[in-house]
Amino acid sequence: MFKRWLLALVARVGLIVLGLCCCLSLFYLLACKPASHGSQQPPLWSGGATSKEGYLALLQEREDSHKHYINSLTKQIAQLKEALQERTQQLQESLDKAKTKGVLPQGLESLHKTPAQSDLKEFFRSQLSQAEVNSGVKLPSEYALIPFDTFTLQRVYQLETGLTRHPAERPVRKDRRDELIGTVETALHVLNGPQQHADNIRRKHAYSPSDFIQGLTRTERDRGSVYELMFRGSGQQDFTQLVLFRPFGPVMKVKSEMVNTRGMIINVIVPLSKRADAFKQFMSNFREVCIRRDGRVHLTVVYFGRDQIDQVKAVMDQTTRETRFRSFTLIQLNEEFSRGRGLDVGARAWRRSQNVLLFFCDVDIHFTADFLTSCRLNAEPGKKVYYPVLFSQYNPSIIYSNHTLLPSLQQQLVIRKESGFWRDFGFGMTCQYRSDFINIGGFDWSIKGWGLEDVRLYRKYLHSKLMVIRSPSRGLFHLWHEKSCADELPPDKYKMCMQTKAMSEASHGQLGELFFRRDIELHLNSQKLRET
């Protein structure tokens, strides 16, 4: 009896388990079956094209569901970050207030401190933003501007001279040499680095020290040192400018950009009155540098009066015949000579739609092709004007008094303490865009004759937001010529004229030799008598 009851129990349990399995199988099929889009749609497992379309629809539905879920998670993460940032800011403000009141609980001081690295970066950024790197600052006068030094791989050209410093020299101090060489090496590392290649994938030019043209540097004592480096690009008229800043620490990259100078025409404006011989010498240099070598220059001559104008026209006509260069403009004004008036008229006479780059020049200026490149790279419309410091030649008859014949002009144009000086008090030679010149107000036409008009224009730029690039130029020379100061000049301008005349004759030591020549000769004669 017990066995029969046990068999019956086992049979019943087996039927119950079988029933449960059937129910679970049915529920599974119902749960996995995709939703029906219509009563006439055939089953998706029946095969054929209908089955393929159904599976694609199912996959698209699942993909949309996952995208929706991911978007939801992304929004939640963003909300959490925003909430965390808000709570962190509230906590920081509470800690600041508590520290101000002196009630910051012990052990929470570390929460108030920011990481040292972020502090350092923030300090560097503040130094960069306060320094005159990306934009100019308003200055009270011409004495407040910090000029740049110009340097190449071999020499440094500087305004400040003294016992151990010369207008052009190889840096004597090792720290100065290491600073400039290290800056060039850093620039080459930046230009040839992977990030630079990523910014300009098409460029395949690898920069080397031979591509370095020159650099400008100056130090703001409370900010740091800025370096503007110029490199040759892949083309003859392509250049790369790199600006670096050393905020009393590692050098920071400010910007790196390709500069294409192909379309940058320079309008050289020369005011002139008489001085036909000097103009002939000027045109000889213009033909060599501007016509034969550069070719992207226009010459505007503003002539005052009628005396010797036929000789000036003859020189220009001869140049056109021999070189086929016709990019000249001759403007005649029948009035008293005024340098500011002439330059202003010449600048406004440009009739082309292009915003031309102006170079205000004088007839006794000698410039090189490298200077024209510096003119193009250091002036930028609405941002920068270029005020180069030219090297002024001493009187050759005094410098080479012990020579039988005077050296050629090219041999005389060397930057040495004995041959000339940086004319850091002169602001007449400048490169600036016509739009900036007109917006700043141009020259003061009330000034007649010589002097002061360039200083007033220079001060206008100092008082503006434009950056003034002031640096010695190794390719810009003032040729010595006899200077006469007219008696009708007012006292202040007559004094300036005489000071310029005195400084232009010879160096301090050479003038001393002339002044004490008699004493020196007496001393030499006495020495000879003692020897005999």
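Residues numbered from 1 in each chain as written. Predicted model: local features only at pLDDT ≥ 70, side-chain atom pairs only at ≥ 80, totals over all residues. Heavy atoms only, no water.

### What about the packing of helix α7 (residues 276-294) against helix α8 (residues 309-323)?
- Packing of α7 against α8 leaves a shortest axis separation of 10 Å and a crossing angle of 25°. In terms of axis orientation, α7 runs roughly parallel to α8. As α7 runs across α8, the sense of the crossing is right-handed. Taken together, the residues of α8 that come into contact with α7 (itself represented by A276, F279, K280, M283, R287 and I291) are Q311, V312, V315, M316, T319, E322 and T323.
- Looking at the contact of α7 with α8, its residues break down into 7 nonpolar, 3 polar and 3 charged. (Axes fitted to C-alpha atoms, helices over the stretch in contact; angles between N-to-C directions. Helix = DSSP H or I, 4+ residues; strand = E, 2+ residues; numbered from the N terminus. Parallel < 35°, antiparallel > 145°, perpendicular 65-115°, else oblique. Left-handed = near helix turned anticlockwise from the far one by under 90°. Contact = heavy atoms within 4.5 Å. Nonpolar A, V, L, I, M, F, W, Y, C, P; charged D, E, K, R; others polar.)

### Thoughts on the sheet that holds strand β3 (residues 168-169)
- Judged by pairing direction, the sheet is antiparallel, and its 7 strands sit side by side in the order β3-β2-β1-β4-β5-β6-β7 without closing on themselves. With one partner strand each, in any of the chains shown, β3 and β7 (252-260) form the two edges of the open sheet.
- Alignment of strand β4 (residues 212-220) against strand β5 (residues 224-232), held across 8 bridges, turns out to be antiparallel. In the strand pairing of β5, L216 is matched with E228.
- Running over the sheet, helix α10 (residues 369-378) touches β4, β5, β6 (238-246) and β7 and is turned about 60° from β6. (Pairing = 2+ DSSP bridges.)

### Looking at the pairing of β5
- Within β5, 8 of the 9 residues are buried, which leaves it mostly tucked inside the rest of the structure.
- Connecting the antiparallel pair β4 and β5 is a turn made up of 3 residues.
- Where β5 and β6 come together, 8 bridges link them in antiparallel fashion. Within β6, the residue paired with E228 across the bridge is V243.
- Joining the antiparallel neighbours β5 and β6 is a turn of 5 residues. (Buried < 20%, exposed > 50% of the residue type's maximum accessible area, 1.4 Å probe, protein only.)

### Details of the environment of T217
- Mapped onto the elements of the fold, T217 is located in strand β4.
- T217 gets classed as buried once you look at its relative accessible area, which sits at 3%.
- Among all residues touching T217, those that are not within four sequence positions of it are P147, F148, D149, F151, R176, L180, V226 and Y227.

### Structural notes on the state of the cysteines
- Considering all chains together, one arrives at 2 disulfides under this definition.
- For C375, the disulfide goes to C431, at an S-S distance of 2.1 Å. Between C375 and C431, the S-S dihedral sits near -120°, and the bridge is therefore left-handed. Here C375, found in helix α10, pairs with C431, found in strand β15 (residues 430-433); they are 56 residues apart in sequence, far enough to count as distant. (Disulfide = S-S within 2.5 Å.)

### Notes on the side chain of R376
- Mapped onto the elements of the fold, R376 is located in helix α10.
- Side-chain polar atoms of R376 contact the side chain of D294, separated by 2.8 Å.
- In this view, R376 contacts T261, M264, I266, D294, R296, V297 and L357; residues no more than four positions away in its chain are not counted. (Polar contact = N/O pair within 3.5 Å; in protein donor to acceptor, adjacent residues only side chain to side chain.)

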